[in-house]
Amino acid sequence: MTRARGLVQPFRADPNRSDLEVKQLVEARMERKQIFIRSDRPVELHVVVEESVLYRNRGDAAAMREQLDYLLEVARTPTVDLQVLPLNAGAHQGQGTSWTLMTFPPSLQGHPGLVYLDLLGEARYVDDREAVGTYRRTWRHVLGAAASADRSLQLVREARNKQGGERKSAHRLAKVQPQQ
């Protein structure tokens, strides 16, 4: 829990939250991870991270090793696709932003999807068809610039190896097949 706390606290607008508040945030984050491995309708996730974040320390070296080990492990599950945007990719349309594009099942035909923006001190959902379309086009651009899945895992392993220590993940993710 101490390592996870070191990862959560820097992301909060108020770093002086009480221990109880930070503990609750950490517990919520740990529970949220389960949605990708649950056997009943796991959520599918395709994420692109910039290579620089693999080296940006959050917590101590042990916490970084744990996080990178987790990325390597979760990327092997059938519901998670992880790609890394290499440093040499240069400038891209999504640069300097962080957003989540959510799409919905075919039963909601006609719904443009949602964009979730995690802003300092607030969260915002965008459902305007034109705005969602802009994010969708940007997503395709970022995907085109990102490394392949295999190369991305190699980049994560390289970052992990630079942290030192044995590769001993505390996470044991079950391999689940998404239900059709």
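For the structure, check the block above.
In this text the structure is predicted, and so the values were computed from the model without any measurement.

*Asks:* Pulling in residues and values, what's your account of the nonpolar core?
*Replies:* V49, L54, L68, L72, A75, L82, V84, A147, L153, L155, V156 and A159 form the largest nonpolar core, which has twelve residues in total. At the level of elements, α3 (61–74), β2 (80–85) and α5 (149–162) are the ones that each hand at least two residues to this core. With four residues, α5 is the largest single contributor of residues to this core. Residue contacts for A147: discarding those within four places in its chain leaves Q83, V84, P86, S152 and L155. Membership of the second largest hydrophobic core comes to five residues, among which are V115, L117, V126 and V132.

*Asks:* Which residues make up the environment of G133, and what are the values?
*Replies:* Relative to the helices and strands, G133 is located in helix α4 (residues 129–145). The class for G133 is buried, based on a relative accessible area of 17%. Taking C-alpha positions, G133 is 9.9 Å from L114, a pair spaced 19 residues apart along the chain.

*Asks:* Any details on the sheet that holds strand β4 (residues 114–119)? Residues and values, ideally.
*Replies:* On the basis of which strands lie adjacent, the open sheet formed by three strands has the order β3-β4-β5 and antiparallel pairing. The open sheet is flanked by β3 (99–102) and β5 (122–126), the only strands paired with a single partner. The mean angle between the axes of side-by-side strands here comes to 20°, regardless of whether they run parallel or antiparallel. Across four bridges, β3 lies against β4 in antiparallel orientation. Within β4, the position partnered with T100 by the bridge is Y116.

*Asks:* I'd like to hear about the pattern of salt bridges, residue by residue, with values.
*Replies:* One pass over the full model with this rule turns up three salt bridges. Ionic pairing is found between E122 and R124, a salt bridge with its closest N-O pair at 3.1 Å. The class of E122 is partly exposed, set by a relative accessible area of 39%. On the basis of relative accessible area, R124 is assigned to the partly exposed category, the value being 41%. Here E158 ties to R151 by a salt bridge, and the two come within 3.5 Å at their closest N and O atoms.

*Asks:* For the packing of aromatic side chains, give the residues involved together with the corresponding values.
*Replies:* Scanning the entire structure with this criterion turns up three aromatic pairs. Arranged with centres 5.1 Å apart and planes meeting at 70°, the rings of W99 and Y135 form a pair that is edge-to-face. One end of the pair, W99, is in strand β3; the other, Y135, is in helix α4, with 36 residues separating them in the sequence. Judged by centre distance (6.3 Å) and plane angle (75°), the rings of W99 and W139 are edge-to-face.

*Asks:* For the pairing of strand β1 (residues 45–50), give the residues involved together with the corresponding values.
*Replies:* Two elements, β1 and β2, share six bridges in a ladder whose sense is parallel. In the sheet register, H46 faces β2, and the bridge partner there is D81. This β-α-β element, β1 to α3 to β2, shows right-handed connectivity.

*Asks:* Tell me about α4, residues and numbers included.
*Replies:* When the terminal C-alpha atoms of α4 are compared, their 25 Å separation across 17 residues agrees well with the 24 Å that a helix rising 1.5 Å per residue should span. Taken together, the buried positions of α4 are occupied by V132, G133, T138 and V142. At its buried positions, α4 is contacted by β1, β2, β3, β4 and β5.

Parameters and conventions
Residues numbered from 1 in each chain as written. Predicted model: local features only at pLDDT ≥ 70, side-chain atom pairs only at ≥ 80, totals over all residues. Heavy atoms only, no water. Core = buried A, V, L, I, M, F, W, Y, C linked by side-chain atoms within 4.5 Å. Buried < 20%, exposed > 50% of the residue type's maximum accessible area, 1.4 Å probe, protein only. Helix = DSSP H or I, 4+ residues; strand = E, 2+ residues; numbered from the N terminus. Contact = heavy atoms within 4.5 Å. Pairing = 2+ DSSP bridges. Axes fitted to C-alpha atoms, helices over the stretch in contact; angles between N-to-C directions. Salt bridge = Lys/Arg side-chain N within 4 Å of Asp/Glu carboxyl O. Phe/Tyr/Trp six-rings, centres within 6.5 Å; stacked < 30°, edge-to-face > 60°. Right-handed = clockwise from strand over helix to strand, strands pointing away. Expected span 1.5 Å × (residues − 1).

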